[in-house]
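Okay, here's what each chain looks like letter by letter:
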Amino acid sequence: MTVKSFDRGVFLPHYKEYTENDPITTISLPSEVVIPLHQHIGAPCKAVVQVGDKVKTGQKIGESDAFVSASVFASVDGTVVAIEPRPSFTGGKVESVVIEVSPHQEDPQWSERDLEQLNNDQIKQAIKDAGIVGMGGAAFPTHVKLSPPKPIDAVIINACECEPFLTCDHRILVEMTDELVEGAKLIQKLINADKLYFGVETNKPDAIEALNSKLTAEETIEVVPLDVKYPQGSEKQLIKAVLDREVPPGKLPLEVGVVVQNVGTAVAVYEACRYEKPLYERVLTVTGDGAAKPANVKVPIGTTIGHVIEQCGGFKDDKEPGKVVMGGPMTGFAQTRLDIPVVKGTSGILLFSEEMLVKSEHRPCVRCSRCVVHCPMYLYPNSISVNAERGLYDQAVEWGAMDCFECGICVYVCPSNRPIVQLVRDTKKAQAAK
Ligand code: SF4
Ligand code: SF4
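Conventions used here
Residues numbered from 1 in each chain as written. Chains lettered and ligands numbered in written order. Predicted model: local features only at pLDDT ≥ 70, side-chain atom pairs only at ≥ 80, totals over all residues. Heavy atoms only, no water. Helix = DSSP H or I, 4+ residues; strand = E, 2+ residues; numbered from the N terminus. Buried < 20%, exposed > 50% of the residue type's maximum accessible area, 1.4 Å probe, protein only. Contact = heavy atoms within 4.5 Å. Pairing = 2+ DSSP bridges. Axes fitted to C-alpha atoms, helices over the stretch in contact; angles between N-to-C directions. Near = heavy atom within 4 Å. Nonpolar A, V, L, I, M, F, W, Y, C, P; charged D, E, K, R; others polar. Core = buried A, V, L, I, M, F, W, Y, C linked by side-chain atoms within 4.5 Å. Domains from an automatic or database assignment. Buried area = accessible area lost by both parts, 1.4 Å probe. Salt bridge = Lys/Arg side-chain N within 4 Å of Asp/Glu carboxyl O. Polar contact = N/O pair within 3.5 Å; in protein donor to acceptor, adjacent residues only side chain to side chain. Parallel < 35°, antiparallel > 145°, perpendicular 65-115°, else oblique. Left-handed = near helix turned anticlockwise from the far one by under 90°.

1. Description of the side chain of Ser347
Consideration 1: Considering the arrangement of structural elements, one finds Ser347 in the loop between strand E16 (333-335) and strand E17 (348-352).
Consideration 2: Residue Ser347 is classed as buried on the basis of its relative accessible area, which comes to 9%.
Consideration 3: Residues within four places of Ser347 in sequence aside, it is in contact with Leu166, Cys168, Arg282, Leu284, Thr285, Gly327 and Gly328.

Below, the structure is given as structure tokens:
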């Protein structure tokens, strides 16, 4: 087996053993869900329901006229009890539709369509109507990504799941292989790409086997085993590993004729096209040494992380964790409260004990250059951080801050525990404010 990779990056401990063999399960519904009207890159939605309205699972509750946006849907049967700003996982508040969950839930009824009969306009419309976004965390509207202004010759399904702890994509790969492959083929057809690749890290041999068992007769589809290295699942590193193409700094994958889609997104595309099912639920991983019963669970969008944690047995030994993170440990967002809702891009809820946390003060840069040696984007994180720390944001930009995709490797390797990613975010915010 030929295993491909990219230059630089780091080998991280996996910690996937907590949940990698746990099948996807469901949880009991909460008493209310909080569905943000802005959970994607692009224009926020406006509510199309009012307080007092009865809503059904899968009913559209928010939309926007903007091309770069994604509609949002009720994830339960219930009654709208508020439309108001509520706390968001990124900090601050986001206008949200609050739905009191009805004690009587009806199974949603979906039509079934013959995928062979769908033309490309119908596929794209189905994806847009379903409000699908990139479910790996970026939450970029999928119908926009699948409208490239240039010819595309390759689609890569990102099946790396390279962040430690997370295993929800792994479980989708082995439990929903047919749906995943069908969704990926729909994407390939829509953008008229010659080749379709599945990039999978070799720590998921069952996933590689499951995919290969479905693809034996397919000449234009290839499963590519990849080195277990972080950030293998980042778009630019994935494209380099699979196709040996370099995406230029500041450019998108379409510049080199490639579109990358996440595993969960491809399954959502299948469900939208096959059943006209909107994106109102997702699979995520609840894990960490502070979780009582780590699990992979399918969760209605808008369920609070507190309810999800409770449904997974709560905190280990009833002990308050030292840190709660939404997303992966490298790129996720630390949370200080548990009434934050799961959104379309939430891949995990991580609970870390006090013992697991590295605690030390930020210290001055000692010019060891470890961050430079490991940065997968060939940036100078040391110079970015030193300048940003002094408020010299223009200089931080000159050192490449805008090309940083916040993978967190520099923070991981830094002996001085420098808050480099936070300083990059400060720089980007200062640039956006100009
Ligand atoms: S500077 Fe950005 S891209 Fe480079 S290692 Fe740090 S977080 Fe990753
Ligand atoms: S790893 Fe930390 S201490 Fe070393 S050069 Fe980079 S910022 Fe400075």
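2. Quick word on the sheet that holds strand E9 (residues 154-159)
Consideration 1: Judged by pairing direction, the sheet is parallel, and its 4 strands sit side by side in the order E11-E10-E9-E12 without closing on themselves. Looking along the sheet, the strands with just one partner apiece sit at the ends: strand E11 (221-226) and strand E12 (258-262). Adjacent strand axes in the sheet meet at a mean angle of 25° when their direction is disregarded.
Consideration 2: Each of E9, strand E10 (195-201), E11 and E12 touches helix H6 (residues 235-243); the most contacted strand, E9, lies at about 115° to it.

3. Comments concerning the site of ligand 2
Consideration 1: Taken together, the residues surrounding ligand 2 are Cys365, Val366, Arg367, Cys368, Ser369, Cys371, Asn382, Cys414, Pro415, Ser416 and Ile420.
Consideration 2: Its residues assigned to classes, the shell around ligand 2 shows 7 nonpolar, 3 polar and 1 charged.

4. Some words on helix H3 (residues 168-175)
Consideration 1: The buried count for H3 comes to 6 of 8 residues, which makes it a mostly enclosed element.
Consideration 2: Of all the positions in H3, only Cys168, Asp169, His170, Arg171, Ile172 and Leu173 are classed as buried.

5. Describing the nonpolar core
One broad trend across soluble globular proteins is that nonpolar side chains are buried collectively.
Consideration 1: Ranked by internal contacts, the top residues of the largest apolar core, which has 47 residues, are Ile132, Ile157, Leu180, Phe198, Val200, Leu211 and Cys273.
Consideration 2: Elements with a contribution of two residues or more to this core: helix H1 (120-129), E9, H3, helix H4 (177-190), E10, helix H5 (205-215), E11 and helix H7 (263-275).
Consideration 3: Ranked by the residues each element gives to this core, the list is headed by H7, at 8 residues.
Consideration 4: Counting residues in each nonpolar core, the second largest holds 23 residues, with Leu226, Tyr230, Met330 and Ile409 among its members.

6. What about the domain arrangement of the protein?
Consideration 1: Each assigned domain of the protein is listed with its residue range as follows: domain 1 (111-275) and domain 2 (370-432).
Consideration 2: Here the C-alpha centre of domain 2 lies 30 Å away from the C-alpha centre of domain 1.
Consideration 3: The partner domain 2 presents 6 residues to the 7 residues of domain 1 that form the contact.
Consideration 4: Note on domain 1 versus domain 2: buried area summed over both sides is about 510 Å², and carbon and sulfur give 63% of it.
Consideration 5: Of all residues in domain 1, the largest losses of buried area upon contact with domain 2 belong to Tyr230, Pro231 and Gln237, amounting jointly to 62% of the total for that side.
Consideration 6: Across the contact surface, domain 1 and domain 2 share 0 salt bridges.
Consideration 7: Here domain 1 and domain 2 share 3 residue pairs in polar contact (both at pLDDT 80 or more) between them.
Consideration 8: Partitioning the side of domain 1 that touches domain 2 into residue classes produces 3 nonpolar, 3 polar and 1 charged.

7. Focus: the environment of Gln188
Consideration 1: For Gln188, the position within the fold is in helix H4.
Consideration 2: For Gln188, a relative accessible area of 10% translates into the label buried.
Consideration 3: Between the alpha carbons of Gln188 and Leu146 there is a distance of 9.6 Å; along the sequence they are 42 residues apart.

8. Observations regarding the site of ligand 1
Consideration 1: In the region of ligand 1, the neighbouring residues are Cys375, Pro376, Met377, Pro381, Cys404, Phe405, Glu406, Cys407, Gly408, Ile409, Cys410 and Val421.
Consideration 2: The residue inventory of the shell around ligand 1, partitioned by class, reads 10 nonpolar, 1 polar and 1 charged.

9. Description of unusual backbone geometry
Consideration 1: The peptide bond linking Tyr230 to Pro231 adopts the cis configuration, its omega dihedral lying at 5°.
Consideration 2: Unusually for a residue other than glycine, Arg367 sits at a positive phi of about 60°.
Consideration 3: Relative to the helices and strands, Arg367 is located in the loop between E17 and helix H9 (370-374).
Consideration 4: The class of Arg367 is exposed, set by a relative accessible area of 52%.
Consideration 5: Backbone geometry at Glu406 places phi at a positive 60°, although glycine is not the residue there.
Consideration 6: In this structure Glu406 comes out as buried when scored by relative accessible area, which is 17%.

10. Details of helix H10 (residues 381-389)
Consideration 1: Of all 9 residues making up H10, 8 are buried, and the element is well covered by its neighbours.
Consideration 2: Along H10, the residues classified as buried are Pro381, Asn382, Ser383, Ile384, Ser385, Val386, Asn387 and Ala388.
Consideration 3: Buried residues belonging to H10 abut H9, helix H11 (393-398), helix H12 (409-413) and helix H13 (420-432).
Consideration 4: One or two positions beyond H10, positive phi appears at Gly391, with a value near 80°.

11. Digging into the pairing of strand E15 (residues 323-326)
Consideration 1: Where E15 and E17 come together, 4 bridges link them in antiparallel fashion. By the bridge assignment for E17, Lys323 is matched with Phe352.
Consideration 2: Two strands pair when backbone bridges link them, and E15 and E16 are joined in this way by 3 bridges, in the antiparallel orientation. If you follow Val325 over to E16, its bridge partner there is Ala334.
Consideration 3: The turn joining E15 and E16, which pair antiparallel and follow one another in sequence, is formed by 6 residues; a positive phi near 105° is taken by Gly327.

12. Concerning the packing of H1 against H4
Consideration 1: Close contact between H1 and H4 brings their axes to 10 Å; oriented N to C, the two are set at 125°. It follows that H1 is oblique to H4 by the angle criterion. When you trace H1 past H4, the crossing you get is left-handed. On H4, the residues that touch Asn120, Ile123, Lys124 and Ile127 of H1 are Leu186, Lys189 and Leu190.

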